[in-house]
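For reference, the chains in residue letters:
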Amino acid sequence: MEADPDQKEKEREKAADSQSSGVEEEDSGAAGESEMEYMRNLLARTLGLGSDKPEKILDALTLEGVAKFMLSDKCKNVVCMVGAGISTSAGIPDFRSPGSGLYANLQKYDLPYPEAIFEINYFKSNPEPFFTLARELYPGQFKPTVCHYFLRLLKEKGRLLRCYTQNIDTLERVAGLQQDDLVEAHGTFFTSHCVGMFCRKEYPLSWMKDKIFTDLIPKCEKCSSVVKPDIVLFGESLPARFFSCLKSDFQQIDLLIIMGTSLQVQPFASLVGKVPTNVPRLLINKEKTGESGSFMALLGFGCGMDFDSEKAYRDVAWLGNCDDGCMALADLLGWKKELEDLVKKEHAAIDAKSAEEAARGVSGAQSASQAKEEKAPSAGTKGEKKQD
Ligand SMILES: [Zn+2]
């Protein structure tokens, strides 16, 4: 799709002369406006009010429509929600979610029930199965996908407000997103902490990696308690950052892009409903998801996705794999070449690093992880200080 330069110009003019008429989201009084908008949406959501025809933001409920909107001045803050589906093409197994086929192979651990392996209470009494599994599933190489680099491009274009990820594989960081760009809703393998309540010593990924492949159970050097990767196990609460970020992010959001998640896990999935009613939502996924059940619709909660009904006005589904979806969107945005070049360049750098490590006789898995770690901090990650 061609970006319509006239359109942009028109919008700029409109912005310039609407000051007197006080229309819509201008820079002047933006704070007040957004507060009003927030209150309106809050009321609309909680009371089922404001159900009069919402403003139509997209020209068409298609990828083209979304791309056109993204190229306009109205789309400054894009929030992305991503899940396991964006990492499958990188060969990362869906580490935690049930139904991935993982649970079928767990008999050997003699667990009371399969999910126990990812439960914090079980982990505290018997961490061995978790670490055995971690070793088995440890990716041989960490190579972000086209989709991850699309996120990076969004950031470089100044459009990415935040990426909320369910993934713990750290590929967003490897692709060049920084800590501030991310909410790792289910935690991350990037750092680990001693579980000792009064110790909580932090360890980097390289340390955890070594332990996983040498000792069976990583123990704290200070107090000998078990050290756990900072992933959120069942029975643990989500990082405080998840809740603090969403409060402000969803007041500023102009577009939500949901990729590679079936929106089954709460409270992550509930983010979809936190988006103001006039903000478009694009789903790039293998199948449609997040649609509101008839029961919810009956109660007047219009927060579920609506791609197809006659009332549909802002939700777009692009079905297929995330890499293809991102490339198609990049093409419409005029970013295709840039995205292809970025992927090529970054993948070549990762391959070169791996080859170099291999030549030095480091094991394949190890070299890959080191490549990743050297990469991530250079992308500007503030390594030491733990999140909340
Ligand atoms: Zn400790």
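Residues numbered from 1 in each chain as written. Predicted model: local features only at pLDDT ≥ 70, side-chain atom pairs only at ≥ 80, totals over all residues.

Chemist: Hey, could you run me through the overall build of the protein in this one?
Modeler: When you go through the protein residue by residue, the secondary structure sums to 13 helices and nine strands. Residue burial in the protein is summarised as follows: out of 388 residues, 37% are buried. If you take every contact in the protein between residues at least 6 apart in sequence, the share linking residues at least 24 apart comes to 70%. (Helix = DSSP H or I, 4+ residues; strand = E, 2+ residues; numbered from the N terminus. Buried ≥ 20, exposed ≤ 12 C-beta atoms within 10 Å, placed from the backbone. Contact = placed C-beta atoms within 7 Å.)

Chemist: Honestly, the sheet that holds strand S3 (residues 182-184) in this entry has me stumped. Any pointers?
Modeler: Think of a sheet as strands paired side by side through backbone hydrogen bonds, with each pair either parallel or antiparallel. Read across the open sheet, the six strands follow the order S3-S2-S1-S7-S8-S9; overall the sheet is parallel. Strand pairing shows two members of the sheet lacking a second neighbour, S3 and strand S9 (315-319), which therefore form its edges. In this sheet, neighbouring strand axes are inclined to one another by 15° on average, regardless of whether the strands run parallel or antiparallel. Strand direction decides the pairing type here: strand S7 (residues 255-259) and strand S8 (residues 281-285), joined by four bridges, are parallel. (Pairing = 2+ DSSP bridges. Axes fitted to C-alpha atoms, helices over the stretch in contact; angles between N-to-C directions.)

Chemist: What's the story with unusual backbone geometry in this structure? I'm lost.
Modeler: Gln266 connects to Pro267 through a cis peptide bond whose omega is 0°. We note that Ser224 has phi near 70°; this positive angle belongs to a residue other than glycine. Within the secondary structure layout, Ser224 lies in the loop between helix H8 (205-213) and strand S6 (227-231). The exposed category is assigned to Ser224, around which 11 C-beta atoms lie within 10 Å.

Chemist: I'm lost on the environment of Lys247 in this one. Help?
Modeler: You can see Lys247 is positioned in helix H9 (residues 240-252). Looking at Lys247, the number of C-beta atoms within 10 Å reads 10, which means it is exposed. Once the C-alpha coordinates of Lys247 and Lys274 are considered, the two residues, 27 residues apart in sequence, prove to be 9.0 Å apart.

Chemist: Is there a simple way to explain helix H12 (residues 336-359) in this structure?
Modeler: Turn by turn, an α-helix covers 3.6 residues, leaving residues three or four places apart pointing in a common direction. An ideal rise of 1.5 Å per residue puts 34 Å on 24 residues; H12 measures up with 34 Å between its terminal C-alpha atoms. Regarding H12, the residues found buried are Leu339, Leu342, Val343 and Ser354. (Expected span 1.5 Å × (residues − 1).)

Chemist: Whenever I open this one, the nonpolar core confuses me. Can you help?
Modeler: Soluble, globular proteins show a tendency: their nonpolar side chains are buried together. By size, the foremost hydrophobic cluster in this structure holds 63 residues, and its most contacted members are Cys80, Phe150, Leu255, Leu256, Ile257, Met259 and Leu339. Contact partners of Met259, with chain neighbours within four places excluded, come to Cys80, Val82, Gly85, Ile86, Cys147, Ile284, Asn285 and Cys322. Counting residues in hydrophobic clusters, the runner-up holds 18 residues, among them Phe118, Ile168, Phe190 and Val232. (Core = buried A, V, L, I, M, F, W, Y, C linked by C-beta atoms within 7 Å.)

Chemist: Hey, could you run me through the packing of helix H6 (residues 146-156) against helix H11 (residues 322-333) in this one?
Modeler: Each packed pair of helices is defined by two parameters, the angle between the axes and the distance between the axes. One way to put it is that H6 packs onto H11 with a least axis distance of 8 Å and a crossing angle of 40°. Across from Val146, Cys147 and Phe150 in H6, the residues of H11 making contact are Cys322, Asp323, Cys326, Met327 and Ala330. In terms of residue class, the contact of H6 with H11 is built from seven nonpolar, no polar and one charged. (Nonpolar A, V, L, I, M, F, W, Y, C, P; charged D, E, K, R; others polar.)

Chemist: Sorry, what's going on with the sheet that holds strand S5 (residues 202-204) here?
Modeler: What the three strands build is an open sheet, ordered S5-S4-S6; its pairing is antiparallel. Among the strands making up the open sheet, the edge pair consists of S5 and S6. Sheet twist, expressed as the average angle between the axes of neighbouring strands with direction ignored, equals 40°. Along the sheet face, H8 touches strand S4 (187-194), S5 and S6 and points at about 80° away from the line of S5.

Chemist: Would you mind going over the pairing of S8 with me for this structure?
Modeler: Two faces, one strand: in a regular strand the side chains alternate between the faces of the sheet. With five of five residues buried, S8 lies mostly within the body of the structure. Alternating positions in S8 separate into two faces, Arg281, Leu283 and Asn285 on one and Leu282 and Ile284 on the other, with burial throughout. Here five bridges tie S8 to S9, and the two strands are oriented parallel to one another. Counted as the bridge partner of Leu283 is Ala317 from S9.

Chemist: Looking at this model, I keep getting lost on the environment of Gly235. Mind explaining?
Modeler: Mapped onto the fold, Gly235 is located in the loop between S6 and H9. When the 12 C-beta atoms within 10 Å are taken as the criterion, Gly235 is described as exposed. Counting along the chain gives 117 residues from Gly235 to Phe118, while the straight-line C-alpha distance between them is 8.9 Å. For Gly235, the residues in contact, after removing those within four places along its chain, are Glu119, Ile120 and Asn121.

Chemist: How should I be thinking about the pairing of S4 in this particular structure?
Modeler: For S4, a buried count of seven out of eight residues is recorded, marking the element as mostly surrounded by other parts of the structure. With four bridges connecting them, S4 and S6 associate as antiparallel partners. The partner of Ser192 across the bridge, within S6, is Pro229. Where S4 lies against S5, three bridges are found, and the strand directions are antiparallel. Bridging across to S5, Ser192 finds its partner in Tyr203.

Keep in mind that these numbers describe shape and distance, not what the molecule does.
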